[in-house]
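Survey of secondary and tertiary structure
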Amino acid sequence: MPRKVRETFLFGFTSVFIFLTFSLYLSRNTTIINIIPLKQILTHSSNSNSAIINQYLNLDSSSIRQNHIIRQVTPPPSPALYPIIKPDSILFPDWEILNVFNHNHHDSGNKFLCLFDKNFTSPAIFAGILPFSNQSMFKCVFPNRLRRFLPYFSPVLINSSDSVLESSQLRLSESSKEIMLRWKFVVYESISTDTDVILFVKGVNNRQGINRPPSEFRCIFSNINNNNDFVITEVISSYQEVFRCIKPENNATLFQETNKIKVSLEIRGGERVVPSVAYYTPPAPSLADDNKKFLLCACTMVYNVAKFLREWVYYHSKIGVEKFILYDNGSDDNLDEVISKLREENYQVEKILWPWPKTQEAGFSHSATYANSTCTWMMYLDVDEFIFSPSWLHPSSSSTTSIRSLLSSASFHGNHQRRVGQISINCYEFGPSEQRSNPVEGVTQGYTCRRKVESRHKSIVLLDGINTSLLNVIHHFELKQGYRNKRLSLDEMVINHYKYQAWSEFRLKFRRRVSAYVVDWKDGLNPNSKDRAPGLGFEPVEPKGWAHRFCDVHDTRLKMVAKEWFGSGTGRMAWQLNETN
């Protein structure tokens, strides 16, 4: 072969190889945003988000095979051997899939599989029932070998307890293929009041502090069994992930008790609708007598905090908290067992399943509406944070160890006679204090060394004083006109934040963060954020000298108070004594 021909052939081969490699890279990294045309969601006979998106993107079976090299699959086996449940599937970060069903499909005696395209399966784990829409959830992992093929198709759920399905039978038919929803763009929850409906939407107001005007949106309430049966209302507020819609007027056809009403957000200007897994539910009955309200409640978002919860509840109940509301972000420890024991001891503890990742601010906005009929003030703290007043070290006949007196006296104060709507308390951040593992007596007893300078503040909020926008930066709300913020001095009250614990505990924070707008520890972004440990890298590897870090001041004040309140002659704390009861 002549040299020139060989060079031409080699150049052509190299060009084709580079082109194919680049095409494969794009197929693995291209993001498809699920946007539904309004005309189709109102006229399409299917009640599935994914089916509508499929039609909108013109992804029929022939084009899918041509553009994404998906092989032909065989028809499914008979229904008797192939019991299929088709959910709304949302792809979460870290390739976790949440499958949401319109009805309660949970059966503890059955085992389920997520069946994907190309004959792949993964175990489907029951993840609970959404408390407000009564939808069942199963989680499964997206198979690694499918992650390079776009679009990503939703799995179907297979009940495999009655018969053993042979691998040759596990095929996803072309008619079953629906594009999976993305967590980046979805309506995920709703809650109703007497006057409006509040939607929680991911991916519309993406940047913190920048919110699109409500005039750009409308809300759509549609019967999932009849998409021609719908109502559209105006949006009156748009902040962060929270959108307030005018409550639809009574519609005898739409609002029948037997109907499931999906609620979505329309983006004007192109007649587009955000995919939704949220359903309209009537507002809960409110309490007519305000005297029945708890004066002070506490709300927090939790993930695998069972080992810490008893100490946190015992302590804050002592200083005046009457009810605890936990937004559970998908815990898989023994949280339910711990809550059950606390209830047996007459502590008011409520758990709300909130599976949505990185939505702490939205969860707190939800709680401000949900708890308004039962709580007057709400304390927003994490389970590793404890409120403390130096006055509790030296009690007198005129002093009290309860926050209730502070709240009662804060109603009206100041030159402008504006009512206090929020009390802000500064935090001290405590370090590992030479602990190598979780202190058996509790965090208040084991961590006694802290940083010198106080950090960000947390708040106790009057729920009636919160602005209707529900706008908040974690633990701090925007207030209505006529209400003001009162900031306490360090001599009045402080929060001990046991943030940098023994490495065995702290490293778990690399696994998951529940906060909105806060990147994961493992992501190399925003290294100077206050949510990061100073000097810590991006890998869950214990830094040298970790046990001695963040120790400027030895502070044993809260330890002494807690020991006096909850200690015993055996040397064990009260939350320990009852662990084996």
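That block above? That's the structure.
Residues numbered from 1 in each chain as written. Predicted model: local features only at pLDDT ≥ 70, side-chain atom pairs only at ≥ 80, totals over all residues. Heavy atoms only, no water.

Structural notes on the overall build of the protein chain
In terms of regular secondary structure, the protein chain is built from 12 helices and 29 strands. Expressed as a percentage of the 581 residues in the protein chain, the buried residues total 52%. Contacts in the protein chain between residues at least 24 apart in sequence constitute 75% of all its contacts with a sequence separation of at least 6. Counting every atom, the protein chain has about 27300 Å² of accessible surface; 51% of that belongs to carbon and sulfur. (Helix = DSSP H or I, 4+ residues; strand = E, 2+ residues; numbered from the N terminus. Buried < 20%, exposed > 50% of the residue type's maximum accessible area, 1.4 Å probe, protein only. Contact = heavy atoms within 4.5 Å. Areas by Shrake-Rupley, 256 points an atom, 1.4 Å probe, with all protein chains shown as cover.)

Brief notes about the packing of helix 5 (residues 306-318) against helix 11 (residues 557-566)
Between helix 5 and helix 11, whose axes approach to 11 Å, the crossing angle comes to 85°. With respect to each other, helix 5 and helix 11 are oriented roughly perpendicular. Residues Tyr314, Tyr315 and Lys318 of helix 5 form the contact with helix 11, whose own contacting residues are Leu558, Trp565 and Phe566. Per-class residue counts for the contact of helix 5 with helix 11 are five nonpolar, no polar and one charged. (Axes fitted to C-alpha atoms, helices over the stretch in contact; angles between N-to-C directions. Parallel < 35°, antiparallel > 145°, perpendicular 65-115°, else oblique. Nonpolar A, V, L, I, M, F, W, Y, C, P; charged D, E, K, R; others polar.)

With respect to the nonpolar core
Residues Leu309, Trp312, Tyr315, Ile387, Trp392, Ile460 and Phe566 are the most contacted members of the largest nonpolar core, which totals 55 residues. Element by element, the count of residues in this core is highest for helix 5, at seven residues. Tyr188, Tyr327, Cys375 and Leu463 belong to the second largest nonpolar core, which has 39 residues in total. (Core = buried A, V, L, I, M, F, W, Y, C linked by side-chain atoms within 4.5 Å.)

Examining the state of the cysteines
One pass over the full model with this rule turns up four disulfides. Across the disulfide from Cys297 sits Cys375; the S-S distance is 2.0 Å. The S-S bond linking Cys297 to Cys375 shows a torsion near -90°; that makes this disulfide left-handed. Here Cys375 lies in strand 20 (residues 375-380) and Cys297 lies in strand 17 (residues 294-302), a separation of 78 residues in the sequence. For the pair Cys297 and Cys375, a shared accessibility class is recorded, and that class is buried. Paired through a disulfide, Cys449 and Cys551 show a sulfur-sulfur distance of 1.6 Å. Here the disulfide of Cys449 and Cys551 is right-handed, its torsion about the S-S bond being about 75°. Placement of Cys449 in strand 23 (residues 449-450) and of Cys551 in the loop between helix 10 (503-506) and strand 29 (553-554) is noted, with a sequence separation of 102 residues between them. Counting only the cysteines that take part in disulfides, in the order they occur along the protein chain, gives the pairing 1-2, 3-4, 5-6, 7-8. (Disulfide = S-S within 2.5 Å.)

Things to note about the environment of Val338
Checked against the element boundaries, Val338 lands in helix 6 (residues 335-344). Assessed through its relative accessible area of 8%, Val338 is described here as buried. Sequence separation of Val338 and Phe308 is 30 residues, and the distance between their C-alpha atoms is 9.8 Å. Ignoring any residue separated from it by four or fewer positions in sequence, one finds Val338 in contact with Ala306, Leu309 and Arg310.

Digging into unusual backbone geometry
Look at the link from Leu150 to Pro151: it is a cis peptide, with omega at 0°. Positionally, Pro151 belongs in the loop between strand 7 (136-141) and strand 8 (156-159). Positioned with a positive phi, Asn304 is a non-glycine residue whose angle comes to about 55°. Using a relative accessible area of 24% as the deciding quantity, one classes Asn304 as partly exposed. Backbone geometry places Asn346, a non-glycine residue, at a positive phi of 75°. Within the secondary structure, Asn346 is located in the loop between helix 6 and strand 19 (349-353).

Comments concerning the pairing of strand 8
Each regular strand displays side chains that alternate between the two surfaces of the sheet. Residues Val156 and Ile158 point to one face of strand 8 and Leu157 and Asn159 to the other, with burial holding for every one of them. Where strand 5 (residues 112-115) meets strand 8, four bridges bridge the pair, whose relative direction is antiparallel. Bridging across to strand 8, Phe112 finds its partner in Asn159. (Pairing = 2+ DSSP bridges.)

Remarks on the pairing of strand 5
The pairing of strand 5 with strand 6 (residues 121-129) spans four bridges and is antiparallel. By the bridge assignment for strand 6, Leu113 is matched with Pro123. Between strand 5 and strand 6, which pair antiparallel one after the other, the connecting turn spans five residues, and Lys118 there sits at a positive phi close to 65°.

Quick look at the packing of helix 5 against helix 6
The contact between helix 5 and helix 6 brings their axes to 9 Å, and the two run at 25°. Put simply, helix 5 runs roughly parallel to helix 6. The two elements helix 5 and helix 6 cross, and the hand of that crossing is right-handed. Residues Ala306, Leu309, Arg310, Val313 and Tyr314 of helix 5 form the contact with helix 6, whose participating residues are Leu335, Val338, Ile339, Lys341 and Leu342. (Left-handed = near helix turned anticlockwise from the far one by under 90°.)

Overview of the packing of aromatic side chains
Per the stated rule, a full pass over the model turns up 40 aromatic pairs. Here Phe506 and Trp546 contribute two aromatic rings whose centre-to-centre distance is 4.8 Å and whose plane-to-plane angle is 40°, an arrangement assigned as tilted. Taken together, the residues span a long stretch of sequence, with Phe506 in helix 10 and Trp546 in the loop between helix 10 and strand 29 at a distance of 40 residues. Trp546 carries the same exposure label as Phe506, and that label is buried. Ring plane angle 80° and centroid distance 5.5 Å describe the contact between Trp546 and Phe550, whose orientation is recorded as edge-to-face. When its relative accessible area of 11% is taken as the criterion, Phe550 is described as buried. Grouped by ring-pair contacts, the aromatic residues Tyr314, Tyr315, Tyr347, Phe386, Phe388, Trp392, Phe430, Tyr447, Tyr498, Trp565, Phe566 and Trp575 constitute a single cluster. Lying over the aromatic face of Tyr428, Arg450 brings its terminal NZ or CZ to 3.7 Å of the ring centre. (Phe/Tyr/Trp six-rings, centres within 6.5 Å; stacked < 30°, edge-to-face > 60°. Lys NZ or Arg CZ within 6 Å of the ring centre and 35° of its normal.)

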